[in-house]
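Listed here are the chains, written in short residue letters.
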Amino acid sequence: MTISRRISRQVSVGNVRIGGDAPISIQSMLNVKTVDVDGCLKQIERLCDVGCDLIRLAVPDEDSAVAFGKIAKRCGLPLIADVHYSYKLAHLALDNGAKKLRMNPGNMPDLTQIKPLAQHMADLSVPVRVGVNGGSLDPKFAGMPQDRALVESALECANAFESAGFHDIVIAIKHSDPLVNISANRMLAASCNYPLHIGVTEAGTLRSGLIKSAIGVSALLSEGIGDTVRVSLAADVTEEVLAAKRILCTLGLRKGAEVVACPTCARTEIDVAGLANEIELLTAKVDVPLKISVLGCPLNGIGEGKHSDIGVAGGKEISVLLEDGNIMGTVRNSELMDRLKALIAKKCAE
Ligand code: SF4
């Protein structure tokens, strides 16, 4: 079963397209200080290693805008500048290489400043992300149901740029309640043709945040809504990207590796979780369908491996390896990871 995606306009963030027929992009946000140029570059490298498409950095002051420029020059990915409360900083971020601005006119009350900013963005072909989070909703919308209030507020933000003749807009509505999030984004999707950035805001820790995000994001994606995704987690930034990729792959919206692992039991002979986690990281950037099963014993491992491209059925010192459902032979556990790496590389090259 395939999902048919909502038809939306397309914008370009550097060499990454959002909306239209572009693949749904995965984004994350750095959580080190932007003035820490080396720290940011290290985090960006880690995000690239797991397949992040777009990275956002906060630009809270002029020093950060200057640092943003240094980072942008040394970074291979298009960077998004997150700016609030200051048009001056928005212009500075553009001058320092921002390929997209995230800002909300609601935080920047002098709307006469929108037109020159929109002109600056148009000159550089840089789009804007506007929208609203549940926690920062303008009080004037307080009387409305929350989902409707979020939509009205987001469309008002977009309208501020439309009035300046600027249409390279991505809209984001986010709420920490996945059900409000779903309802609001459904309404928004039906109300405009702008590309939508989706995610559940303030989702929480790795455990609860993943569950909330999976609910709030997957429901929308399964209806064809969403052109770029961030899974916001209070966890290591790479977890956001790994989670987003897994959601997209599970829904058939991206191709990638799927690691199947057994829950383990008294028969388990190998470190199933450790091996499965290692393989997940190793295959994070794989962009072809590849099913790898890691099972803790030969009892079920060989059977499960028959449905996978690559399978491991763990044994005490020696494990069974399977390829395309057939037993390839056995391998010492000390050599297991190296053999798996070679097999994965072979499969990806086929
Ligand atoms: S595959 Fe083997 S080790 Fe894993 S849960 Fe099943 S019986 Fe236990």
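A. Structural context of the pairing of strand S14 (residues 318-323). Examined bridge by bridge, strand S13 (residues 310-313) and S14 share 4 bridges and lie antiparallel to one another. Note that in S14 the partner of Val-312 across the bridge is Leu-321. In this structure, the hairpin formed by S13 and S14 is closed by a connection of 4 residues. Examined bridge by bridge, S14 and strand S15 (residues 326-332) share 6 bridges and lie antiparallel to one another. Across the sheet, Ser-319 pairs through a bridge with Val-331, a residue of S15. Counting the residues between successive antiparallel strands, the hairpin from S14 to S15 contains 2 residues, one of them, Asp-324, with a positive phi of roughly 50°.

B. Helix H7 (residues 206-222), seen in detail. Along its 17 residues, H7 runs 22 Å from first to last C-alpha, staying within 8% of the 24 Å computed at 1.5 Å per residue. All of the buried residues in H7 are Gly-209, Leu-210, Lys-212, Ser-213, Gly-216, Val-217, Leu-220 and Leu-221. Residues of H7 that are buried make contact with helix H6 (178-191), strand S9 (196-198), strand S10 (228-229) and helix H8 (237-250). Once H7 ends, the next one or two residues include Gly-224, with phi positive near 85°.

C. Layout of the packing of helix H1 (residues 37-49) against helix H2 (residues 62-74). Two elements in contact, H1 and H2, have axes whose closest approach is 10 Å; the angle formed by their N-to-C orientations is 40°. Classified by the angle between their axes, H1 and H2 sit oblique to one another. In terms of crossing hand, the pair formed by H1 and H2 is right-handed. Residues Val-37, Cys-40 and Leu-41 of H1 form the contact with H2, whose own contacting residues are Ala-67, Lys-70, Ile-71 and Arg-74. Taken together, the residues that form the contact of H1 with H2 break down as 5 nonpolar, no polar and 2 charged.

D. Broad picture of the sheet that holds S13. The strand order across the open sheet formed by 5 strands is S11-S12-S13-S14-S15, and the pairing between neighbours is mixed. Looking at strand neighbours, the two that pair on one side only are strand S11 (257-261) and S15, the edges of this open sheet. Neighbour-to-neighbour, the strand axes of this sheet turn through a mean angle of 20°, independent of strand direction. Where helix H11 (residues 336-349) meets the sheet, it contacts strand S12 (290-295), S13, S14 and S15, and its direction lies at approximately 165° from that of S13.

Here is what the cut-offs are and how they apply
- Residues numbered from 1 in each chain as written.
- Predicted model: local features only at pLDDT ≥ 70, side-chain atom pairs only at ≥ 80, totals over all residues.
- Pairing = 2+ DSSP bridges.
- Helix = DSSP H or I, 4+ residues; strand = E, 2+ residues; numbered from the N terminus.
- Expected span 1.5 Å × (residues − 1).
- Buried ≥ 20, exposed ≤ 12 C-beta atoms within 10 Å, placed from the backbone.
- Contact = placed C-beta atoms within 7 Å.
- Axes fitted to C-alpha atoms, helices over the stretch in contact; angles between N-to-C directions.
- Parallel < 35°, antiparallel > 145°, perpendicular 65-115°, else oblique.
- Left-handed = near helix turned anticlockwise from the far one by under 90°.
- Nonpolar A, V, L, I, M, F, W, Y, C, P; charged D, E, K, R; others polar.

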